[in-house]
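# Analysis of the macromolecular model
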Amino acid sequence: MVGWRMVNRGLGLISTLILVRLLTPDDFGLMSLAAAVTATLNSASTLGIYNQIIRSRTVTRESYDTGFTLSVLRGLLIGAMVFAIAGPAASWFDDPRVRPILQIIAVIPIMEGMYSIGLVEYRRKLMLEKDFIHLSATRLFQIVTTITAAFILRDYTALMIGLTASRLFALILSYLMHPYRPRLSLRAWREFLSVSFWAWLVSVANIVRERADTFVIGRLLGVESVGLYAVAEEIATLAITELVSPLANACMPGFAALLRSSDPGAAAAALRRISAIVILVAAPAGFGLSLVAQPLVTAGLGARWLEAAPLIAVMGVAFVPSGLGLIGYALMTAQAAFVQLFIIVALTGAARVAGLLTVGSRYGLLGIAAVAGTVVAVEQTVLTWVAARRVRLAVSTVLRVAWRPLFAACAMAVLLWSLDLGWTAAPPATTTKALAMLAVAVPLGAAIFAAVLALCWWFSGRPRGAETDLFELMQRSLGAVLRRLGLRRVGGVAS
């Protein structure tokens, strides 16, 4: 799953760097607004169908058929709602272009609802390489289609074409990859009903929390501000979305399998080890992106995106706890602890909306980023604490595995700032100077983090933890790649 996200981000980064030169913040803002409306309706009707199949100890043909039927009905409902709400949404955002966009992409949830549910079997059995193939191929098709359309059309319709075409491609591919052929049935509806209500409430709370920024910015500050904020958030959360999020997705069926086992302490041990690895990755990446926001935007996006730099600086640090929170969320989802999830997400979502409305018109995008980052940090910390308590893992244990990466990241930030290589007051004057600054700051920051982390680990008695786990994981991954490539080691040399 991490491999898929790395491929996805590598392709996506190339795509973004090309598209920001061909399109404008206004184009990205329009599609962000349309995506926010669609995602809101999509999440507001989530039934937790796939996760229920993954959690179940036994599944039957009736389970898959019922799950598929419910997915199709849900997709049709969402598609109709997106089409119907197109007019009111255009009026809300005071932009008539939103209406035709929504009316066209209303077909997307219908296609997604018709995906082969047989792919869930691969997740249940932890055959996640199948997900890698499906997701990577779909993403590659979307990028090629979008860039081609952007070169020809030079406006937001290119993004719309790429999105819809890729979903059709994913639908066809899902049936090519799995032999399951659907039959419409609702015979097993009872096994889904038991958790669907609370799963639905959690989804509603999640979408309010996640889309509040977009709706408030679109209403108060306009479409261009939505585009700036969306790109800034995407860059600031790269480590979370590209490394931790896929790991959390893989952890959900993993935790479910452990909870089905007879070992009561297996889930707690897994949570401790995975949390340690996550913070080892999230801390330096979040601080690092925050530190070099100015030269990164100058070199990668261009002068018209400079307003996104301070937003990246704020959110990069604030979203670091999200790494641990996502793993905790995956564990609680595997346990079907939806009541607690709903309470946490609903309360923090309400606080987020209230804060955004309070500061949005007065302090602009920077104020919104500060409020969003603060609420996210609090929420994800609470999720981590609750998840640890549910498997009887002491919070002090989580802190013991987290302090070394956090301390090393803070030391990196202080030293780069003191050398005027991080959190600079003004952006570099030219792209060349920005690239030169990144060429010094990035490797120096990585070296500082690694050195401080190693010293902390050494003086702590060289405990077995994230540092050793990550090294062994890299060794195993490299070995797996070599084996797949048909390479073998002879006398210590790959041949």
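An account of the accompanying structure is given in this report. (Residues numbered from 1 in each chain as written. Predicted model: local features only at pLDDT ≥ 70, side-chain atom pairs only at ≥ 80, totals over all residues. Heavy atoms only, no water.)

This part takes up the overall build of the chain. Along its length, the chain carries 20 helices and two strands. Its C-alpha atoms give the chain principal-axis dimensions of about 65 × 55 × 50 Å. Counting across all 495 residues of the chain, residues that qualify as buried make up 53%. For the chain, contacts bridging at least 24 residues in sequence account for 84% of all contacts bridging at least 6. Element-wise, carbon and sulfur atoms account for 68% of the exposed surface of the chain, whose accessible area totals about 22400 Å². Within the chain, the 25 negative side-chain charges are centred at a point lying 8 Å from the centre of the 42 positive side-chain charges. (Helix = DSSP H or I, 4+ residues; strand = E, 2+ residues; numbered from the N terminus. Buried < 20%, exposed > 50% of the residue type's maximum accessible area, 1.4 Å probe, protein only. Contact = heavy atoms within 4.5 Å. Areas by Shrake-Rupley, 256 points an atom, 1.4 Å probe, with all protein chains shown as cover. Lys, Arg positive; Asp, Glu negative; His and termini not counted. Charge placed at Lys NZ, Arg CZ, Asp CG, Glu CD.)

Once that is clear, we can look at helix α16 (residues 322-334). Helix length check: α16, at 13 residues, gives a terminal C-alpha distance of 18 Å against a target of 18 Å (1.5 Å per residue), a fit within 8%. Most of α16 sits out of view: eleven of its 13 residues are buried. Buried residues in α16 make contact with α3 (49-55), α12 (238-260), α13 (266-291) and α17 (338-390). In the stretch just after α16, Ala336 is the one whose phi turns positive, near 60°. (Expected span 1.5 Å × (residues − 1).)

So, on to the packing of helix α18 (residues 395-418) against helix α19 (residues 431-459). Remark: α18 packs on α19, axes separated minimally by 8 Å, with the N-to-C direction vectors making an angle of 140°. By the criterion of interaxial angle, the relationship of α18 to α19 is oblique. Crossing hand, α18 versus α19: right-handed. Taken together, the residues of α19 that come into contact with α18 (itself represented by Trp403, Arg404, Pro405, Phe407, Ala408, Ala409, Ala411, Met412, Leu415 and Leu416) are Ala441, Leu444, Gly445, Ile448, Phe449, Val452, Leu453, Cys456 and Trp457. Split into classes, the residues belonging to the contact of α18 with α19 amount to 17 nonpolar, one polar and one charged. (Axes fitted to C-alpha atoms, helices over the stretch in contact; angles between N-to-C directions. Parallel < 35°, antiparallel > 145°, perpendicular 65-115°, else oblique. Left-handed = near helix turned anticlockwise from the far one by under 90°. Nonpolar A, V, L, I, M, F, W, Y, C, P; charged D, E, K, R; others polar.)

Turning our attention to the side chain of Asp213. Considering the arrangement of structural elements, one finds Asp213 in helix α10 (residues 189-220). One polar contact links Asp213 to Tyr229, side chain to side chain, over a distance of 2.5 Å. (Polar contact = N/O pair within 3.5 Å; in protein donor to acceptor, adjacent residues only side chain to side chain.)

What follows deals with the nonpolar core. Counting residues in each nonpolar core, the largest one holds 140 residues, and the members touching the most others are Leu102, Tyr229 and Phe255. Here this core gets 16 residues from one element, more than from any other, and that element is α17. Excluding its chain neighbours within four sequence positions, the residues that come into contact with Leu102 are Ala34, Val37, Thr38, Val82, Ala86 and Ala89. (Core = buried A, V, L, I, M, F, W, Y, C linked by side-chain atoms within 4.5 Å.)

To continue, consider the pattern of salt bridges. Under the counting rule described, the total for this entry stands at five salt bridges. The shortest N-O distance in the salt bridge between Arg61 and Asp65 comes to 3.1 Å. Here Asp65 and Arg61 lie together in helix α4 (residues 61-92), a separation of four residues that amounts to about one turn. On the accessibility criterion, Arg61 (31% relative accessible area) is partly exposed. Notably, a salt bridge pairs Asp213 with Arg352, separated by 2.9 Å at the nearest N-O pair. In this pair, Asp213 sits in helix α10 while Arg352 sits in helix α17, placing the two residues 139 residues apart along the sequence. Of the two residues, Asp213 and Arg352, neither departs from the other in class, the shared state being buried. (Salt bridge = Lys/Arg side-chain N within 4 Å of Asp/Glu carboxyl O.)

Let's shift gears to unusual backbone geometry. It is generally the case that most residues other than glycine have a negative phi and that most peptide bonds are trans. With a phi angle near 60°, Arg392 is a residue other than glycine that sits in the positive phi range. Within the secondary structure, Arg392 is located in the loop between α17 and α18. Arg392 sits in the exposed class, given a relative accessible area of 81%. Despite not being glycine, Trp423 has its phi angle at roughly 55°, a positive value. Mapped onto the elements of the fold, Trp423 is located in the loop between α18 and α19. Among the residues examined, Trp423 registers a relative accessible area of 37% and is labelled partly exposed.

Moving on to the environment of Ala293. Mapping Ala293 onto the fold places it in helix α14 (residues 293-300). For Ala293, a relative accessible area of 2% translates into the label buried. Other than its neighbours up to four places away in sequence, Ala293 contacts Ala309, Ile312 and Ala313.

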